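Topology and contacts: notes
Spelled out from the first residue to the last, the chains are:
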Amino acid sequence: MQERPAQCLQCQVHKLAHGLWSGVYAHIEKDADGNVTQQTGVPPAQFKAAISKDHYEFSTMRQQDAFEFWQFLVKQIGVMERRASASGESTGSDPSHVFDFKTEERLQCLECNKVRYTVQPASSVSLPVPKRVSADGTLETVSLQECLEMLAGTETIDGYSCPECCRPTKAAKSTRFASFPRVLAVQARRFELVNWVPQKLDIPLAVPLAAVDLEQYRARGIQPDEQPLPEDSAGQTAASALAAEPTVADEPSAEDVAQLESMGFPRVRCIKALRKTANVEAALNWIFEHMDDPTIDVPDEPQQPSQQQQLTVDPETVAMLTSMGFAADRVERALASAD
C-alpha cells in the first residue's frame, strides 16, 4: 500500500535535503527595525514524526539522547535503501555506508603472551573524555587527539580465562582501526556518576578544522613473532557461559530497574544491563560501553536446549563443572549451548 507523503520516510528525507541544500531558506531575517535576528532554519518536525513513528521512545515528546537518535537514523536510512533496492527504485548508493568501518581488537594474555585478534564492523566510536579541573575551578579543554590516544591505549583485564593457561590470568586489550570510514562519527563520553546518577560534564573538546590523520591508529594484525591463542574448549566456553548466565535469583530487582529507568534509559536496556552485571553501577557502565550495539534494545529470549543436546553433553565435563559449585541443570544448559 502506498504511504502518504507525511508518513513516507523517503519523501521526508528528500524534503529535508532540499530544504538544507537548495538555499531557499538560507536568507537573513530582520525585524521591523532592520536588525538581524536569529535565523529560523528548517524545523524537521514531519521528518522526525515519519522516522520515529514506530519507535517506542523516539515517537514521544520526551527528551532524547542525540547520539542514540543518530544511530537509529542511520539504521532506518539503511533499511529504507534496502527496501528501495529490492523494489528497483534505489540509486545503488546507501548514504549510511559513509560511516562504516572495521575495528580490530587485540587481546594478549600476560602469562603465556599469546594473542587473539578480532575484527568487528562499526559505524561510530565512543571516545572517553578525561576530566581535569584547573586552578580556577574550571574544566580544562581536552583535545580530540588525546581522546583518540585513550581509545587506542592498552587496558588491563583481571581474571581473564586464558584457554592456553587454563586458569584466570591478566590480559592486555587494545582497539585500533582495521579500516577507515569516509566520515568518522564520534560520541564524546562526558559523564560522571554523582550519587549513582550520570551527570553530563561541560568539558570543552578541541576538534581541529583540518582533516584528522588516523594512520597512527591503524591496526597491524598478527605479527610474525606472535603466537595465536587457541580456541576455547567446550568446558571453558561452558564455564564462561555459566558465569554470565542469569538464574531466577539473578533476575534484576524492581528497585534496580526503576533506578536505571529514572536516569532516562529504556526499560529493556536496563533489564539487559542488570542481567549482565552485578549491580547498578556496573550496569550503567555496561550501558555506556554497549551504546553502539544494534541489539541493545532487543529483549533477551531465553533459549532452552533440545532433548538431543541434553543427551550429548560430556558426563566428565559435567562432573568437572559441578565440582566447582555449579548446579547440574545449569551445567547441562551451558554445555548444550556451547556445542
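Read on for an overview of the structure. (Residues numbered from 1 in each chain as written. Predicted model: local features only at pLDDT ≥ 70, side-chain atom pairs only at ≥ 80, totals over all residues. Heavy atoms only, no water.)

The nonpolar side chains of soluble globular proteins are, as a tendency, buried together. Residues Leu127, Val129, Leu148 and Tyr217 are the most contacted members of the largest nonpolar core, which totals 16 residues. Elements with a minimum of two residues in this core: strand E3 (125-128) and helix H4 (144-151). When residues no more than four places from it in sequence are discounted, the contact partners of Leu127 are Leu144, Cys147, Leu148, Leu151, Val186, Gln187, Ala188 and Arg189. Within the second largest apolar cluster, 15 residues are counted, among which are Val257, Met263, Ala273 and Leu284. (Core = buried A, V, L, I, M, F, W, Y, C linked by side-chain atoms within 4.5 Å. Buried < 20%, exposed > 50% of the residue type's maximum accessible area, 1.4 Å probe, protein only. Helix = DSSP H or I, 4+ residues; strand = E, 2+ residues; numbered from the N terminus. Contact = heavy atoms within 4.5 Å.)

The next point concerns the packing of aromatic side chains. Under the defined criterion, the tally for this structure stands at 6 aromatic pairs. Seen in terms of ring centroids, Phe67 and Trp70 are 5.8 Å apart; in terms of plane orientation they differ by 20°. Their pairing is stacked. Placement of both Phe67 and Trp70 in helix H3 (residues 66-86) is noted, with a separation of 3 residues, approximately one turn of the helix. Considering the side-chain rings of Trp70 and Phe99, the 5.0 Å spacing of their centres and the 85° angle between planes classify their relative orientation as edge-to-face. (Phe/Tyr/Trp six-rings, centres within 6.5 Å; stacked < 30°, edge-to-face > 60°.)

So, about the pairing of E3. The alternating pattern of E3 places Val125 and Leu127 on one face and Ser126 and Pro128 on the opposite face, and all of these are buried. Sheet topology places E3 next to strand E7 (residues 186-189); 4 bridges connect them, and they run parallel. Pairing of Val125 across the sheet is with Val186, part of E7. (Pairing = 2+ DSSP bridges.)

Our focus in this paragraph is the pairing of strand E1 (residues 101-109). Among the 9 residues of E1, 7 are classified as buried, and the element is accordingly described as predominantly covered. In the sheet, E1 pairs with strand E2 (residues 115-122) via 8 bridges, with the strands oriented antiparallel. Within E2, the position partnered with Phe101 by the bridge is Ala122. Where E1 folds back on E2, the antiparallel hairpin that results is connected by 5 residues, among which Asn113 adopts a positive phi of roughly 65°. Across 7 bridges, E1 lies against strand E6 (residues 167-177) in antiparallel orientation. For Cys109, the partnering residue across the bridge sits in E6 and is Ala171.

For the rest of this paragraph, the subject is the pattern of salt bridges. Per the stated rule, a full pass over the model turns up 12 salt bridges. Ionic pairing is found between Glu226 and Arg106, a salt bridge with its closest N-O pair at 2.9 Å. Taken together, the positions of Glu226 in the loop between strand E10 (205-206) and helix H5 (234-244) and Arg106 in strand E1 put the pair 120 residues apart, joining distant regions of the chain. An identical accessibility class is assigned to Glu226 and Arg106; each is buried. A salt bridge links Lys114 to Glu164, with the nearest nitrogen and oxygen atoms 3.3 Å apart. (Salt bridge = Lys/Arg side-chain N within 4 Å of Asp/Glu carboxyl O.)

Another aspect to go through is the sheet that holds E1. If you walk across this open sheet you meet the 4 strands as E2-E1-E6-E5, and the pairing is antiparallel. In this open sheet, the two strands that pair with only one neighbour each are E2 and strand E5 (155-162). Ignoring which end each strand starts from, the neighbouring axes of this sheet average 35° apart. (Axes fitted to C-alpha atoms, helices over the stretch in contact; angles between N-to-C directions.)

Along the chain, Thr169 turns up in strand E6. Among the residues examined, Thr169 registers a relative accessible area of 5% and is labelled buried. Excluding residues that lie within four positions of it along the chain, Thr169 makes contacts with Cys109, Glu111, Ile157, Asp158, Gly159, Tyr160 and Cys162.

Take the environment of Lys114 next. Tracing the backbone through its elements, the reader meets Lys114 in the loop between E1 and E2. Lys114 sits in the buried class, given a relative accessible area of 17%. Residues Lys114 and Pro230, spaced 116 residues apart in sequence, show a C-alpha to C-alpha distance of 8.8 Å. With near-sequence residues (within four places) excluded, Lys114 lies in contact with Leu107, Gln108, Cys109, Glu164, Gln227, Pro228 and Leu229. In terms of polar contacts, Lys114 uses its side chain to reach the side chain of Glu164, at 3.3 Å. (Polar contact = N/O pair within 3.5 Å; in protein donor to acceptor, adjacent residues only side chain to side chain.)

Moving on, we get to the packing of helix H6 (residues 254-261) against helix H7 (residues 267-276). Look at H6 against H7: their axes get within 9 Å of each other, and the N-to-C directions meet at 125°. Taken together, the axis directions place H6 and H7 in an arrangement best described as oblique. Considering only the axes of H6 and H7, their crossing is right-handed. Here Asp256, Val257, Leu260 and Glu261 of H6 lie close against H7, whose contacting residues are Arg267, Cys270, Ile271 and Leu274. For the contact of H6 with H7, the per-class residue count stands at 5 nonpolar, no polar and 3 charged. (Parallel < 35°, antiparallel > 145°, perpendicular 65-115°, else oblique. Left-handed = near helix turned anticlockwise from the far one by under 90°. Nonpolar A, V, L, I, M, F, W, Y, C, P; charged D, E, K, R; others polar.)

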